[in-house]
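Listed below, chain by chain, are the residues.
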Amino acid sequence: MDCDEVMLTVRITAAERALLRALARGHGGDVSEVVVDGLLEVIPALHDDASALQLRRVLARPAPCALTLWLPAPIADLLPLLGERIARTGGPSSGPASAALSAALRLWLAGDRAGLAAGLARLHGGCAGGRAAAQAAPVRAAA
């Protein structure tokens, strides 16, 4: 049986979860789609050991909230490779795909909030609806 999507659970903070939901509201409401867009933006930059160390630092910070996401199989297939790189630099070796997803997502969410919303608008074809929604619902971090 072929699966087009893979379900993974990530660990993030409450503030990161609130930000992710706010970004999703501004771009169609699907949190998983926003995560995929974020991964497409951040994963290509994570190609060396320095970035693996940065991901380890992200994973070292507490993340009490669990969030289940659906990712396209080709995106999910990249995560174990990223997880192996993290493990080779001394990071967690259990659940490398979920750990890699959590770290990459948290690293992306740590970016400038306006920049994240603008990046999502570009990924969605710069459509007027996406821009208008992003401007109408400003993205703020939860306190």
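Residues numbered from 1 in each chain as written. Predicted model: local features only at pLDDT ≥ 70, side-chain atom pairs only at ≥ 80, totals over all residues. Heavy atoms only, no water.

Please set out the nonpolar core residue by residue, giving values where relevant.
Counting residues in each nonpolar core, the largest one holds 38 residues, and the members touching the most others are L20 and W108. Put simply, the parts of the chain that give this core at least two residues each are strand 1 (5–12), helix 1 (14–25), helix 2 (31–42), helix 3 (49–60), strand 2 (65–72), helix 4 (73–88), helix 5 (96–109) and helix 6 (113–123). By residue number, the principal contributor to this core is helix 5, which donates 9 residues. Those residues in contact with L20 that lie beyond four places of it in its chain are I12, V31, V34, V35, L67, L105, W108 and L109. (Core = buried A, V, L, I, M, F, W, Y, C linked by side-chain atoms within 4.5 Å. Buried < 20%, exposed > 50% of the residue type's maximum accessible area, 1.4 Å probe, protein only. Helix = DSSP H or I, 4+ residues; strand = E, 2+ residues; numbered from the N terminus. Contact = heavy atoms within 4.5 Å.)

Give me the lowdown on the side chain of R106, citing residues and values where you can.
Examined against the element boundaries, R106 turns out to sit in helix 5. Judged by relative accessible area, R106 falls into the buried class, the value being 2%. For R106, the side chain forms a polar contact with the main-chain oxygen of P62, separated by 3.4 Å. Excluding anything up to four places from it in sequence, R106 contacts R11, I12, T13, E16, V58, R61, P62 and A63. (Polar contact = N/O pair within 3.5 Å; in protein donor to acceptor, adjacent residues only side chain to side chain.)

A description of the pairing of strand 2 should follow, citing residues and the corresponding values.
Residues C65, L67, L69 and L71 point to one face of strand 2 and are all buried, whereas A66, T68, W70 and P72, pointing to the other face, are not buried. Where strand 1 meets strand 2, 8 bridges bridge the pair, whose relative direction is antiparallel. From the neighbouring strand, T9 faces strand 2, where its bridge partner is T68. (Pairing = 2+ DSSP bridges.)

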